[in-house]
Amino acid sequence: MSQYELLPNIDSPADLKKLKLNQLELLCEEIRDFIIEHTSVNPGHLGSSLGAIELAVAIHYVFDTPNDKLVWDVGHQAYAHKIITGRREQFAQNRKYKGISGFPKMSESQYDAFGVGHSSTSISSILGMAMSAVLSGNTSRNHIAVIGDGSMTGGLAFEGLNNAGSAKANILVILNDNGMAIEENVGALNSYFTKLTTSSTYNSFRGKIWRMFSRKDERGYPIRYIIKKLQAIVKGSFLKSSNLFESLGFRYFGPINGHDVVSMVKVFKGLKSIQGAKLLHCVTIKGKGLQEAEKSQTLYHAPGKFDKETGKILEIAFEPAKVEKYQKVFGETICELAEKNEKIIGITPAMLSGCSLDIMAKKFPNRTFDVGIAEQHAVTFSAGMATDGFIPFCNIYSSFLQRAYDQIIHDVALQNLHVIFCIDRAGLVGEDGATHHGTYDLAFLRCIPNMIIAAPLNELDLRNMMFTAINIKAPFAIRYPRGEGVRNNWQNQTFEKYEIGKGICLKEGDDLAIISIGHIGNTALKVAQTLENENIKIGVYDIRFLKPIDSDLLHKILSKYKTVVTIENGSVIGGLGGAVSEFMTTHNYKNRLEIIGIPDRFIEQGTVEELHEECGLNFEEILSRIFHIFRS
Ligand SMILES: Cc1ncc(C[n+]2csc(CCOP(=O)(O)OP(=O)(O)O)c2C)c(N)n1
């Protein structure tokens, strides 16, 4: 901390408030250096957090947090907030096992008014707090939501805006507009924001605002007066007739420069004294202050380790990885299939590069859709395409798919539409933690009629399942984990069509049977092979399809083995273990059944390896559990 002058004394917003206004810029620079220094060795969400430093400082400088409520949307931009609110020392443990979460979390700090991680929740949650303040007769409390332009594309944000504009609640929505989601932000709203911030009317308008603020300093105009003037300009400008937020009942202010901390303090002080629903439009730069991050904003959203001086990323593998990621297999395979079948469409809600659909976007731009952070819409949009004979591959991360549950049931499954769900990041995902683990998809999909649910054991399986799904006219879910598969020979392999609802035997045995689903079957097989050395003969079966489940295979297994163990990288409730248990009850089997899966509690952040160990899903833990089951 030696290079820091102000930061070592900031352990709370109260400490921040002791600083003079003209010291805030230096503090922001120190926080910026601090975030860069730490995130360069302990990776996290860099770009968004660099872009929201001045916002965090100005908010905590002006508002009385935690009495005033502050919600960060998604929360990946809130590192400065964490540092200011007493977590500077813990920041070295950001996103680490047993460390602090990468997102605001109520149980972690009183300054985290709401737990986040998934987008577009800030307006609804802050409105709930504001309305509860009204009901409690608390008229003085302020309620602030900070939401990015990307997160504003989520339907939930609009539901919140619609409700808030007509409610008599005291809220300030700060639109943190950097023109980016993870990729460039998409859609009409994005164009609208661009229009607001780039038109010549805006630029002269912005000039007027800054001139007014500087006049205030000299002449000591009261802030209220400034704000009134500001509103008059807004009302009299081109914004009056067309401003979206004004139409929704908000008072719209801005756009202002979200990196001018001093001016923002002045604006916040002004806004604080205005009741009702207000929206302040701040323009920021994602990656602000680190040249490389400003230049390559998608890459530096969460860049991994980098050189803190040059900003150059250290962990990019320039040699091709020995084992390819499932994501790459998905991206390459959909292109291969799309080449042969022009009905194939790729759809993602704002995770284009994360799921590798960017490969398709380059080859088939007209058939690849990034629909914004809008999982519900992505699913129903896919359903609509399917009604016309197109074959949408709708790729959604498992935990984000939770958003679209009714769309899966009502818009896809009920009408038996041919939508192929590629469910990425299934199972424990690592450092993003509890909000992002793909724990529940097996359980929540299994109870839906018409659904076919499959999970690949390896890369070839993923390809073959995608191929198989093209010709089955039903909702078809394929779930696979984040990261590497197991082998390298999937490229250019001929496709094989799988029989729906048929599992396979990976290894015959006598003493005990393991039934697994998906990639974790590789660990199960290794365990069985290891125990073979102890003369314990374990049979291993890859069920391949959770639904329809292979009843012939289950009858065979349950007739042969007294003890059956199911293994899945999903919740212990409702998934494969649940399915086998129900099957046993239905068919009156009395075998011993043990279910290995993610325990029935929320799992925090850590490396995937650490979390697998905690949940008993790594090789050693499974080995010891199977050995123990065998012995007992
Ligand atoms: C429901 C949901 N879908 C997808 C994501 C993944 N995600 C995290 S940040 C992000 C982009 C957010 O864009 P914006 O709000 O503009 O913030 P920025 O990253 O630009 O600072 C996305 C898509 C998520 N967190 N939640």
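Source: prediction; values computed, not measured.

**Quick look at the state of the cysteines**
Throughout the structure, instances matching the rule amount to zero disulfides. With no disulfide of its own, C422 has C394 as its nearest cysteine by sulfur position, at a separation of 8.7 Å. Take C422: its relative accessible area is 1%, and that puts it in the buried class.

**Concerning the sheet that holds strand β14 (residues 538-542)**
Strand order in the open sheet made by the five strands is β12-β14-β13-β16-β17, with mixed pairing throughout. Edge strands, defined here as strands with exactly one partner in the open sheet, are β12 (504-507) and β17 (592-598). For this sheet the average axis-to-axis angle between neighbouring strands, irrespective of direction, equals 25°.

**A look at the sheet that holds strand β7 (residues 368-370)**
In space, the seven strands of this open sheet follow the order β7-β6-β8-β9-β11-β10-β15, with mixed pairing throughout. Taken across any chain shown, the strands that pair with only one partner, and hence form the sheet edges, are β7 and β15 (545-547). Mean inter-strand twist for the sheet, computed between neighbouring axes without regard to direction, equals 20°. Here strand β10 (residues 452-454) runs beside strand β11 (residues 476-479); their pairing, made up of three bridges, is parallel.

**A short note on the packing of aromatic side chains**
Scanning the entire structure with this criterion turns up 17 aromatic pairs. Taken together, a centroid distance of 6.0 Å and an interplanar angle of 0° make the contact between F245 and Y252 stacked. In terms of burial, F245 and Y252 fall into one category: buried. Cluster of aromatic residues (ring-pair linked, three or more members): Y4, F34, Y79 and F91. Between K343 and the ring centre of F390, over which it is positioned, the NZ or CZ distance is 4.5 Å. Directly above the aromatic system of F619 lies the positively charged group of K526, at a separation of 4.6 Å from the ring centroid.

**Regarding the packing of helix α2 (residues 24-41) against helix α5 (residues 79-87)**
Two numbers describe a pair of packed helices, the interaxial angle and the distance between the axes. Axis separation between α2 and α5 bottoms out at 10 Å; the angle between their running directions is 105°. Considering their axes alone, α2 and α5 lie roughly perpendicular with respect to each other. Contacts between α2 and α5 involve I31, F34, I35 and T39 from the former and Y79, A80, I83 and I84 from the latter. Considered class by class, the residues forming the contact of α2 with α5 number seven nonpolar, one polar and no charged.

**Comments concerning the site of the ligand**
Near the ligand lie 22 residues; those nearest to it are G150, S151, M180, K286 and E375. Contact between the ligand and S48: an oxygen atom at 2.9 Å from a side-chain N or O atom of the residue. A distance of 2.7 Å is found between an oxygen atom of the ligand and a side-chain nitrogen or oxygen belonging to K286. Grouping the constituent residues of the shell around the ligand by class yields eight nonpolar, ten polar and four charged.

**A look at the side chain of T197**
Tracing the backbone shows T197 in helix α8 (residues 188-198). A distance of 3.0 Å separates the side chain of T197 from the backbone oxygen of F193, its partner in a polar contact.

**Quick notes on the side chain of R32**
Locating R32 in the fold gives a position in helix α2. Within polar-contact distance, the side chain of R32 engages the side chain of E54 at 3.0 Å. For R32, the contacting residues outside a window of four places in its chain are L50, I53, E54, H259, K288 and G289.

**Details of the packing of helix α22 (residues 521-532) against helix α26 (residues 619-631)**
Interhelical geometry of α22 versus α26 gives an angle of 55° and a closest axis separation of 9 Å. With respect to α26, the element α22 is oriented oblique. Viewed along their axes, α22 and α26 form a crossing whose handedness is right-handed. On α26, the residues touching T523, K526, V527, T530 and L531 of α22 are F619, I622, L623, I626 and F627. Considered class by class, the residues forming the contact of α22 with α26 number seven nonpolar, two polar and one charged.

**Overview of the nonpolar core**
Ranked by internal contacts, the top residues of the largest apolar core, which has 84 residues, are F330, F393 and F421. It is helix α15 (residues 326-340) that contributes the most residues to this core, seven residues altogether. Beyond its immediate chain neighbours, meaning those up to four positions away, F330 contacts C355, L357, F393, N395, C422, L462, M466 and Y480.

Reading the values: the criteria
Residues numbered from 1 in each chain as written. Predicted model: local features only at pLDDT ≥ 70, side-chain atom pairs only at ≥ 80, totals over all residues. Heavy atoms only, no water. Disulfide = S-S within 2.5 Å. Buried < 20%, exposed > 50% of the residue type's maximum accessible area, 1.4 Å probe, protein only. Pairing = 2+ DSSP bridges. Helix = DSSP H or I, 4+ residues; strand = E, 2+ residues; numbered from the N terminus. Axes fitted to C-alpha atoms, helices over the stretch in contact; angles between N-to-C directions. Phe/Tyr/Trp six-rings, centres within 6.5 Å; stacked < 30°, edge-to-face > 60°. Lys NZ or Arg CZ within 6 Å of the ring centre and 35° of its normal. Parallel < 35°, antiparallel > 145°, perpendicular 65-115°, else oblique. Contact = heavy atoms within 4.5 Å. Nonpolar A, V, L, I, M, F, W, Y, C, P; charged D, E, K, R; others polar. Near = heavy atom within 4 Å. Polar contact = N/O pair within 3.5 Å; in protein donor to acceptor, adjacent residues only side chain to side chain. Left-handed = near helix turned anticlockwise from the far one by under 90°. Core = buried A, V, L, I, M, F, W, Y, C linked by side-chain atoms within 4.5 Å.

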